[in-house]
Amino acid sequence: MSQDILFSPFHIGSLTLPNRMVMAPLTRNRAGDGNTPHALNVEYYAQRATAGLMISEATQISPQGVGYPGTPGIHSPEQMAGWERVTAAVHKKGGRIFLQLWHVGRVSHPSLQPDGGKPVAPSALAPQGETFTADGMAPFETPRTLDAEEMPFIAAQYAQGAENAMAAGFDGVEIHAANGYLIDQFLRDGTNQRTDLYGGSPENRRRFLKEVVEAVLEVVDAGKVGVRLSPENTFNDICDSEPQATFDAVAEMLNSYHLAYLHVVEGDFVSGEKTLDYPRIKDLFGGPYMANAGYTKELAEKSLQAGTADLISFGSLYIANPDLVVRFAENAPLTEPDEATYYGGGAKGYTDYPFLPR
Ligand SMILES: Cc1cc2nc3c(=O)[nH]c(=O)nc-3n(C[C@H](O)[C@H](O)[C@H](O)COP(=O)(O)O)c2cc1C
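Residues numbered from 1 in each chain as written. Predicted model: local features only at pLDDT ≥ 70, side-chain atom pairs only at ≥ 80, totals over all residues.

**Q** Kindly report on the overall build of the chain, identifying the contributing residues and their values.
**A** When helices and strands are counted, the chain shows eleven helices and 14 strands. Compactness check: the chain gives a C-alpha radius of gyration of 19 Å against a globular reference of 21 Å for 358 residues, within 12% of the reference. With the C-alpha coordinates of the chain rotated into their principal frame, the extents come out at 55 × 45 × 40 Å. The buried share among the 358 residues of the chain stands at 49%. Within the chain, residue pairs in contact and separated by at least 24 positions form 74% of the contacts whose partners lie at least 6 positions apart. (Helix = DSSP H or I, 4+ residues; strand = E, 2+ residues; numbered from the N terminus. Rg over C-alpha atoms; globule rule 2.2 N^0.38 Å. Buried ≥ 20, exposed ≤ 12 C-beta atoms within 10 Å, placed from the backbone. Contact = placed C-beta atoms within 7 Å.)

Shown next, in the form of structure tokens:
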């Protein structure tokens, strides 16, 4: 099989990506004081700049949006200055990078909240299980239900985060509407039991995402804005009774904005199952489609050849292979990632993965 498409250029908005390989967003919990990116993070991103496009780790838009220790923000001048060093280093290496805009909603803990208050969510339903806090694992607590009047204010924080990201030199932003965080909590009926305009029908459940997209598009060109969804992921204890109908409605709604791309986590991280009709979601969206989860070089090329994706993002492979593009191009062996160093720590398991000798 020819391996042409993976290494061929692709245009999103005014950007030309030199290949179809995207570094997926990866939380690594290594930000410095004040959740500010620092020299180690600069080195990590610069190492991976040969990707066609990089998407930053999820980055909180507000102090309320934080969910774990050591994740970066984009709401303070210090955080913007830290990110500016990252984007400058990536650009110097010839790369392109979007920032992932994040609010975790209920997947937080009072110990992480600015006023020690309850995390917020569409409905007062706690996720099952425990979460990381500065003092180790702790049970999730029942969140506070957001008032409808608060929603425009949070949408405006996404827009402010986007504006800050562009000022810090990012090439665009990705709205994180996946993996059980705030926007996803609104999209799915397992976490959204509201009876107002933000709950009930798929049209109402997608309303908050629509408002966030429209707020972000006030400050950033559509060709520089992507959205990430994970229609059947159950990660963070989330579910939907009719995921195909919910996400068909979401893809249809996003169709009209001429966005840079739709990024879809296909399948469930937890069970490994993949049952939805993703080509249908791709067609309903109608623009560039970035597929993720479980892709190898071979699967990626197969999908590109079949036209079921335009871009493929790689997560765990990018953790351990900073030069993944060269390794794929040369069919070189891949380094296995060390899960023990995924979250938190220093250079070990972060910036010390080897490059092929040159
Ligand atoms: C350590 C780690 C951190 C992650 N952090 C994020 C994140 O910040 N934002 C996000 O949307 N997905 C995140 N994900 C999910 C990945 O982007 C990706 O969807 C997942 O790894 C599946 O892709 P893969 O099979 O290529 O690894 C993370 C995954 C891992 C392993």
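**Q** Can you explain helix α2 (residues 77–92)? Please cite residues and give values.
**A** If you check α2, its first and last C-alpha atoms are 22 Å apart, about what 16 residues at 1.5 Å a residue would give, namely 22 Å. Listed in full, the buried residues belonging to α2 are Q79, G82, W83, V86, T87, A89 and V90. The buried residues of α2 occupy an angular sector of 160 degrees when projected down its axis, which confines them to one face. Facing away from the buried surface of α2 by more than 90 degrees, the exposed residues are P77, A81 and K92. Elements that come into contact with the buried residues of α2 comprise α1 (39–47), β4 (53–60) and β5 (97–102). Just downstream of α2, G94 is the residue with a positive phi angle, here 85 degrees. (Expected span 1.5 Å × (residues − 1). Arc of directions from axis to C-beta.)

**Q** An account of the site of the ligand is needed here, citing residue identities and associated values.
**A** Close to the ligand lie 21 residues; A24, P25, T27, A58 and G315 are nearest. Mapped by element, the contributors of at least two residues to the shell around the ligand are β4 and α10 (316–320). Of the residues in the shell around the ligand, the class split is eleven nonpolar, eight polar and two charged. (Near = placed C-beta within 6 Å. Nonpolar A, V, L, I, M, F, W, Y, C, P; charged D, E, K, R; others polar.)

**Q** Describe the sheet that holds β5, naming the residues involved and giving the relevant values.
**A** With parallel pairing, eight strands are arranged side by side around a closed barrel as β3-β4-β5-β10-β11-β12-β13-β14. Pairs of neighbouring strands in the sheet enclose a mean axial angle of 25 degrees, with direction left out of account. Pairing between β4 and β5: five bridges, direction parallel. Counterpart to Q60 in the pairing with β5 is W102. (Pairing = 2+ DSSP bridges. Axes fitted to C-alpha atoms, helices over the stretch in contact; angles between N-to-C directions.)

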